[in-house]
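# Architecture and fold: a report
So the chains spell out like this:
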Amino acid sequence: MTREGLAKAGRVLAGLVLASLVGGAADKPAPLDAEHWRKVFARPDHTPTPPNNPATTEKVALGAKLFDDTRLSGDGMTACSTCHQADLSFSDGVDRHVGHDGQPLDRRTPPLWNLAWGLSFFWDGRASSLETQAMVPIENVREMAGDLQTSLRELSSDPQMRRAFAAAFPDDPAVSRDNLAKALAAFQRTLVSPETRFDQWVKGDDKALEPDELAGFSLFVGKGGCVACHQGWRFTDEAFHDIGLPSPDKGRGPVLGVSAANHAFKTPSLRERVWSAPYMHDGSLATFEDVVDHYADRIVKRPTLSADLPQRIELSATERGQLVAFLNTLSSNDPPRPASLPAKAMVAGVGAEAVAASTISQKDRRFSPGAVVLKTGEALRILNDDTRVHNVRVDGPGTSFNSDAQNPGDTVTIGFDQPGHYDVICGIHPQMRLSVDVAQVSSSGKK
Ligand code: HEC
Ligand code: HEC
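Every chain begins its residue count from 1, and numbering advances along the sequence as written. To read the labels, note that chains go from A and ligands from 1, taken in the order they are written. It should be noted that, the model being predicted, local features are given only for residues of pLDDT at least 70 and side-chain atom pairs only at 80 or more, the latter also being counted only at that level, while totals for whole chains, interfaces and linings use all residues. Here the side-chain values reflect all heavy atoms present in the structure, with hydrogen atoms and water set aside.

## Looking at empty space enclosed by the protein
In plain terms, the rule: Here a cavity denotes grid points, spaced 1 Å and computed from the protein atoms alone, that fit a 1.4 Å probe unable to get out, and a pocket denotes an open set having protein on both sides within 12 Å along at least 5 of 7 lines; residues with an atom within 4 Å of a point are the lining. Grid points are joined across faces, edges and corners, and a volume is the space filled by probe spheres set on the points. Going along the chain from the N terminus, every DSSP run of H or I of four or more residues is numbered as a helix, and every run of E of two or more is numbered as a strand. Throughout, the ten residues Ala, Val, Leu, Ile, Met, Phe, Trp, Tyr, Cys and Pro are labelled nonpolar, Asp, Glu, Lys and Arg are labelled charged, and all others, Gly among them, are labelled polar.
Enumeration according to the criterion identifies one cavity of 30 Å³ or more in this entry. Estimated volume of the largest cavity: approximately 570 Å³. Along the wall of the largest cavity there are 38 residues; nearest its centre are His230, Ile243, Met280, Val291 and Tyr295. Looking at the lining of the largest cavity, the elements with two or more residues in it are β3 (265-266), α12 (288-298) and α13 (317-328). Along the lines of polarity and charge, the residues of the lining of the largest cavity split into 21 nonpolar, 10 polar and seven charged.

Now the structure itself:
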């Protein structure tokens, strides 16, 4: 298909989606397809852990201790748990925590549930693993104002700590920056939100939800359009969206160097959020009612608005109440305690079998095919036949590629001059992964 044809197809598709949303608002809602949604929201039976930092009881115990340890901060008064408080879903109950300089931090303290499944960290996704994330608050002058070398020296002068590090890292028992980061990350991966009434419903108990809550769920997956971004059992697509909050914070845009991603923030999980008000990256919305009113009436229109955000959501007062009633079913009745799930090492490189292909589709936020083999010197065409703006990026030997904003209909062409393995991702939708293997060509293999 031509580039123009694709752009047109994108517009027609967008039109159809809009028509179905508007049509849906006027008609009676379609009955809830319970069987389908029970599959979509089913909980996993294990926690993924990276192969280079497997979870052990000793490591998790050390991480839990460090999480509470004020020796990680410059003034000896602040621990991770000062801001990430267990009884508040590992958040702090304020819109923005007051930093060491007496001024509020730039963003709200996010709850820490279910980050073992996270693909990027912080509201703007600037950290790519929990291990790399952990050092940031310690050395941030406004958060913990610590000096890592001083903290490590202090910890290693404590015999109990030395023993805990040795038990956690038998092959390399040092009180080091690496081990500190690994222990904190391993502990945080155990923060799995417990089952709530919604999960009882998912498991097949029709009576677990009240009629109003179930009506709210129908709106959530139906005309409210919430499930476009809050999907899966954690209720997040791990992607970045501008949902039209008035905040001047540019979010993901500056991290990627792509202005089309300005005002976009990582979709938060909705688990155990009753305990972590206020909401949004700036803590600007105090209650679930305010959140629902935002989506229905208060979206700031601007060019960067997410294509996954419904253009118009008409919600009556009753329907708004039902949505809020549903959101409440994703939280425990008492301050939640982490569920215990067995850990399993993630297997790298599973997925599609690599095929020879020169053109890749991006429909529905998926690279297709998902794995390709090329010869050295060959180029790959990636065409945006999706309805969303993408940002194609490549990591691998000798290549660093950034497409900038790739609008629907745009094709991006990337040449691969060096043999090796490359991962192509979308900076706005990090769950999109394309594996590229570039094979060496022998001189006789020239065409
Ligand atoms: C002074 C308050 C404060 C302290 C202390 C603090 N944090 Fe945070 N934490 C924040 C804020 C604010 C953010 C969001 C910053 C952003 O997104 O730009 C955050 C973000 C995070 C995230 C990212 C979560 C996500 O959903 O992406 C993790 C993980 C985290 N902190 C862990 C820690 C650990 C581990 C420590 C201790 C070493 C710690 N924090 C100490 C306030 C704090
Ligand atoms: C286009 C994607 C998208 C859609 C559609 C969407 N959300 Fe969100 N949601 C987000 C993002 C992104 C944030 C965080 C925004 C920020 O802080 O700037 C968010 C934040 C929230 C929060 C606050 C969570 C917290 O801990 O701060 C709630 C609650 C929420 N959404 C509920 C809903 C409901 C209910 C709907 C449907 C009416 C909905 N969302 C539709 C992407 C979306």
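## Re the coordination of the iron atom of ligand 2
Here is the rule: The donor set covers N, O and S atoms within 2.8 Å of the metal, switching to 3.2 Å for Na, K and Ca, and it leaves out water, so a site may look short of donors. Sites are called tetrahedral only when four donors show all angles between 85 and 135 degrees, square planar or octahedral only when four or six donors show opposite pairs over 155 degrees and all other angles between 65 and 115, and irregular in any remaining case.
The protein atoms that coordinate the iron atom of ligand 2 are His230 (NE2) and Tyr295 (OH), at distances of 1.9 to 2.1 Å. Its six donor atoms give the iron atom of ligand 2 angles of 85 to 180 degrees at the centre, a pattern that matches the octahedral case. Linking histidine 230 in the loop between α10 (211-221) and β2 (240-241) with tyrosine 295 in helix α12, this pair joins segments that are 65 residues apart in sequence.

## Things to note about the UniProt feature "domain: Cytochrome c" (unreviewed entry) in the protein
We apply this condition: UniProt positions are given in the numbering used here, feature names are shortened, and annotations may be inferred rather than shown by experiment.
Mapped onto the present numbering, the UniProt feature "domain: Cytochrome c" (unreviewed entry) falls on residues 58-185 and 211-331. Within residues 58-185, the helical portion is 41% and the strand portion 0%, while the C-alpha atoms at the span's ends are 13 Å from each other. Summarising residues 211-331: 32% helix, 3% strand, and an end-to-end C-alpha distance of 18 Å.

## Side note on the site of ligand 1
Going by this rule: Only heavy atoms are used to decide nearness, and a residue is near a molecule or strand if one of them lies within 4 Å of it.
Taken together, 26 residues lie around ligand 1, and Cys80, Cys83, His84, Phe122 and Lys266 are the ones closest in. For the shell around ligand 1, the secondary-structure elements that each account for two or more residues are α4 (80-83) and α5 (130-139). At five residues, α5 tops the list of elements feeding residues into the shell around ligand 1. Considered class by class, the residues forming the shell around ligand 1 number 15 nonpolar, six polar and five charged.

## What about the sheet that holds strand β6 (residues 359-361)?
Inclusion rule: In short, DSSP must find at least two bridges between two strands for them to pair. Angular values range over 0 to 180 degrees, each being the angle between N-to-C directions of two axes fitted as lines to C-alpha atoms, with helices fitted over their stretch in contact.
Pairing within the open sheet is mixed, and its three strands lie in the order β6-β8-β11. Both outer strands of the open sheet, β6 and β11 (411-415), are each paired with one neighbouring strand and no more. Here the strands of the sheet are splayed against their neighbours by 25 degrees on average, with no regard to which way each runs. As defined by bridge partners, β6 adjoins strand β8 (residues 379-383) across three bridges and the pair is classed as parallel.

## Description of the side chain of serine 269
Short version of the rule: Residues count as neighbours in contact if any of their non-hydrogen atoms are within 4.5 Å of one another.
Here serine 269 shows up in the loop between β3 and α12. Contact partners of serine 269, with chain neighbours within four places excluded, come to Asn114, Arg234, Phe235 and Thr236.

## Observations concerning the site of ligand 2
Stated formally: Distance and chemistry together define a polar contact, namely a pair of N or O atoms within 3.5 Å, with one atom able to donate a hydrogen and the other to accept it when in protein, and with adjacent residues in sequence counting only for side-chain atoms on both sides.
Around ligand 2, a shell composed of 23 residues is seen, among which Cys226, Cys229, His230, His281 and Tyr295 lie nearest. Here arginine 108 contributes a side-chain N or O atom positioned 2.7 Å from an oxygen atom of ligand 2. Contacts to ligand 2 include methionine 280, whose backbone N or O atom sits 2.8 Å from an oxygen atom. Counted by class, the shell around ligand 2 contains 13 nonpolar, seven polar and three charged residues.

## Let's talk about the pattern of salt bridges
Here is the rule we go by: Within this document, salt bridges are pairs made up of a side-chain nitrogen of Lys or Arg and a carboxyl oxygen of Asp or Glu, the two lying within 4 Å of each other. Each residue is assigned to one of three classes by its accessible area relative to the maximum for its type, calculated with a 1.4 Å probe on protein chains only: buried under 20%, partly exposed between the two thresholds, exposed over 50%.
Under the counting rule described, the total for this entry stands at 26 salt bridges. Across the pair glutamate 319 and lysine 223 runs a salt bridge whose closest N-O atoms are separated by 3.0 Å. In this pair, glutamate 319 is assigned in helix α13 and lysine 223 in the loop between α10 and β2, connecting sequence segments 96 residues apart. Between aspartate 237 and arginine 365 there is a salt bridge, with its nearest N and O atoms 2.8 Å apart. With aspartate 237 in the loop between α10 and β2 and arginine 365 in the loop between β6 and β7 (371-375), this pair connects stretches of sequence that are 128 residues apart. Taking the relative accessible area as the measure of exposure, aspartate 237 reaches 4% and is therefore buried. Through salt bridges with shared partners, a single ionic network connects Asp237, Asp308, Arg365, Asp386 and Arg388.

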